[in-house]
Structure formats: C-alpha cells, structure tokens
Amino acid sequence: MSEQTNSGSQGTSRPFRRTESQFRGFPEFRSNVLYCPKQFFTVVVPNSSVNCIRIVSYMLRKTLGWVDESGEPIQERHEFSYRDLEQAAGVSHSRLREAVADALKSNFIRRIHKARVQTQGVRAQSGSYELRWDEAQYSDQPEQFQGFYLQPTYLDRSGQTRLGRKNIPNVFFDYLVRNENRGVIRVVGTLLWYSIDWGKGGERKQPVKKSLRDLVELTRLDKSSVVRALDEAEKKRYVERIEKGVFDLSGEQRSSTTVYGIHWTNEY
C-alpha cells in the first residue's frame, strides 16, 4: 500500500472514561491524536510483552503530547521515574521491573539515573528513564533498532518515500493499550495505522479494509490468534465487519472473504 507524505497536526483529548459502559468507536482523529512513530506498530507491538508495550505507549503519549506546528515535540526530553511508570503506565508492581528491562534491552528507552537506596548522608533516588531516539536511520528490524526515528518520512529499501509517523487517536493509547491483551492491541493497531492516510484536504480516515489473511500477514500472528483478537475487538466495538464473507458450498467459487475495518464514530 502506498503511503504519501504529510505533516501532522496535534491536539489533546478527553480520555475515554472507564465508567462508560461500552467503547463507542474511535472519535474524529484530527483534534484528538498523537503523532506517533510508525515503529511503535512495526517494532514495539509485534515483538514485545504487553507490559513493555504499555510502558512505551505511556512514554510516547507523554513525550509527544505537546508539539509545535511541524509536529516536533516542544520538550524532546521527558524524564520518567520508576514511580511514574508504576503509577501511570498501567503495569502492576510485580511486572514493572521485567517490562522496564525488556524496554531497555530492545533500545526503546534509555536509563538516565540508576536507582539508589538511602544510606547515611545520601538520599534515596528512584531510577529514571526516557525514550530513545535515532536520527541517523529508520529501521523496522528489531535487531537493528537503535531508537525511534522522529522524522515524518523515511526512504525504504527501494528508495520510495514512506510515512514514518501518523496521527493516531489518543484513545488507542489512553484506553485500549492500557486495558487490552497483546493480540487485540496488535490487530486494532494494525488496522488503525492503515486506516489513516494523507489525501486531498489533509489527513483523513482511509476506507481501508483488511481480510483475515491480510491481518495474519501484517500482524505476524497465527490465524487462530487473529480470529480470537478480531472476535474480541468486534465485540468491544474497536473494529467492525465491513463485508461479511460467504462460503460457497456449491463449489462454483462464489465464496468471498470477511473484511474488517476500524469502527469510527462521531458520538464524542
């Protein structure tokens, strides 16, 4: 799929409240979005534990929450203490140490200060971290990843210009990543990335439709995992069936595949 270049816009949002009985769909994204690096979807989500995903998601949300007219963060360095991550990233205390270690090992984050216990004459200090950035090169390969590429575009191996960042609805980070399992995050995140593109008049919702086979290939999950994730995501109204598949028992090859898309709403 061709991805044209753009310069994103940014805004703040009213978070989806946990007290609301049912997710109503993804809102109009232009005013409630995070200008997110593509590598979050191509490197972090497919290759990390759900708790590592939540840590990186939270740090991206806070770091890129305020940007200038060009989409650049007003404060490029945003320091997070261990206590910040424990209280706000949606990861339990017992799982946080392992998730931070995974994020460090994968070069998603870097340590600024090591934790220090209190001794006589020396105050205790919590460990602190920040996102890791790489301005030199873009890579979707986990073994080559050295940090998030912040530029809006990059050149792929064939020399084509591709989008390196897109405006993703805040509710994906604020609600879905914090509350859902890894399979649902992967499937919905993949559909979201391909459902937003640059066109006439600016960035817009793209009427992208993906079949089960497409999603197996794009998410790198096995078929049964994608089916379970889709069933759950459809039940919770993150996605919807755009076209219902038909299996032709007559053998005349009139079968069609079920295709899925993001469930958008203007109810907010």
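Counting restarts for each chain: residues are numbered from 1 in the order of the written sequence. In keeping with the predicted nature of the model, local features appear solely for residues at pLDDT of at least 70, side-chain atom pairs appear and are counted solely at 80 or more, and the whole-chain, interface and lining totals rest on all residues. Hydrogen atoms and water are omitted, and side-chain values are computed over all heavy atoms in the structure.

Caption draft 1: Seen up close, the sheet that holds strand β3 (residues 109-113). Two strands are said to pair when DSSP picks up at least two bridges between them. A run of H or I in DSSP becomes a helix once it reaches four residues, and a run of E becomes a strand once it reaches two; helices and strands are each numbered from the N terminus. The strand order across the open sheet built from 3 strands is β2-β4-β3, with neighbouring strands paired in antiparallel fashion. Every other strand in the sheet has two partners, leaving β2 (80-81) and β3 as the edge strands with one partner each. As defined by bridge partners, β2 adjoins strand β4 (residues 128-131) across 2 bridges and the pair is classed as antiparallel. Among the inter-strand pairings, S81 is bridged to a residue of β4, identified as S128. Along the sheet face, helix α2 (residues 50-63) touches β2, β3 and β4 and points at about 75° away from the line of β4. Should any heavy atoms of two residues lie within 4.5 Å, those residues are counted as being in contact. Each axis is a line fitted through C-alpha atoms, taken for helices only over the stretch in contact, and angles between the N-to-C directions span 0 to 180 degrees.

Caption draft 2: Main features of the nonpolar core. The biggest cluster of nonpolar side chains holds 60 residues, and the ones touching the most others in it are F26, F40, F108, F172, V188 and Y238. Top contributing element to this core by residue count: helix α6 (residues 182-194), with 8 residues. Here, nonpolar core means buried Ala, Val, Leu, Ile, Met, Phe, Trp, Tyr and Cys residues that are tied together by side-chain atoms lying within 4.5 Å of each other. Each residue's exposure class comes from its accessible area (1.4 Å probe, protein chains only) as a fraction of the maximum for that residue type: buried when under 20%, exposed when over 50%, partly exposed otherwise.

Caption draft 3: Representation of the pattern of salt bridges in the model. By convention in these notes, a salt bridge is any Lys or Arg side-chain nitrogen within 4 Å of a carboxyl oxygen on Asp or Glu. A full pass over the atoms with the stated rule returns 7 salt bridges. With its nearest N and O atoms 2.9 Å apart, the salt bridge here joins D174 to R61. Taken as a pair, D174 in helix α5 (residues 170-179) and R61 in helix α2 lie far apart in primary sequence, 113 residues in all. With a relative accessible area of 22%, D174 lands in the partly exposed category. Residue D156 is joined to R162 by a salt bridge in which the shortest nitrogen-to-oxygen separation is 3.0 Å. What emerges from the salt-bridge pattern is a single network uniting E180, E232 and K236.

Caption draft 4: Spatial organisation of the pairing of strand β1 (residues 33-37). Counted residue by residue, β1 has 5 buried out of 5 residues, so it is predominantly covered. Neither face of β1 is exposed, since V33, Y35 and P37 on one face and L34 and C36 on the opposite face are all buried. Pairing geometry for β1 and strand β7 (residues 165-169), over 5 bridges, is antiparallel. Across the sheet, the residue bridging to C36 is K166, located in β7.

Caption draft 5: How the structure looks around the packing of aromatic side chains. Centres within 6.5 Å are what make two rings of Phe, Tyr or Trp a pair, Trp counting through its six-membered ring; a difference in plane orientation under 30 degrees is then read as stacked, over 60 as edge-to-face, and the rest as tilted. In the structure shown here, the tally under the stated rule is 16 aromatic pairs. Taking the centre distance of 5.8 Å and the plane angle of 45° together, the rings of F41 and W193 count as tilted. In this pair, F41 sits in helix α1 (residues 39-47) while W193 sits in helix α6, placing the two residues 152 residues apart along the sequence. Taken together through their ring pairs, the aromatic side chains of F23, F26, Y175, Y238 and W264 make up a single cluster. Working rule: Lys NZ or Arg CZ, within 6 Å of ring centre, within 35 degrees of ring normal, means a charge sits over the ring. The ring of Y194 carries the charged tip of K210 above its face, separated from the ring centre by 4.7 Å.

Caption draft 6: Examining the pairing of strand β12 (residues 259-262) more closely. Pairing between strand β10 (residues 210-211) and β12: 2 bridges, direction antiparallel. What sits directly across from S211, in β12, is V259. Across 4 bridges, strand β11 (residues 239-243) lies against β12 in antiparallel orientation. In the sheet register, V239 faces β12, and the bridge partner there is I262.

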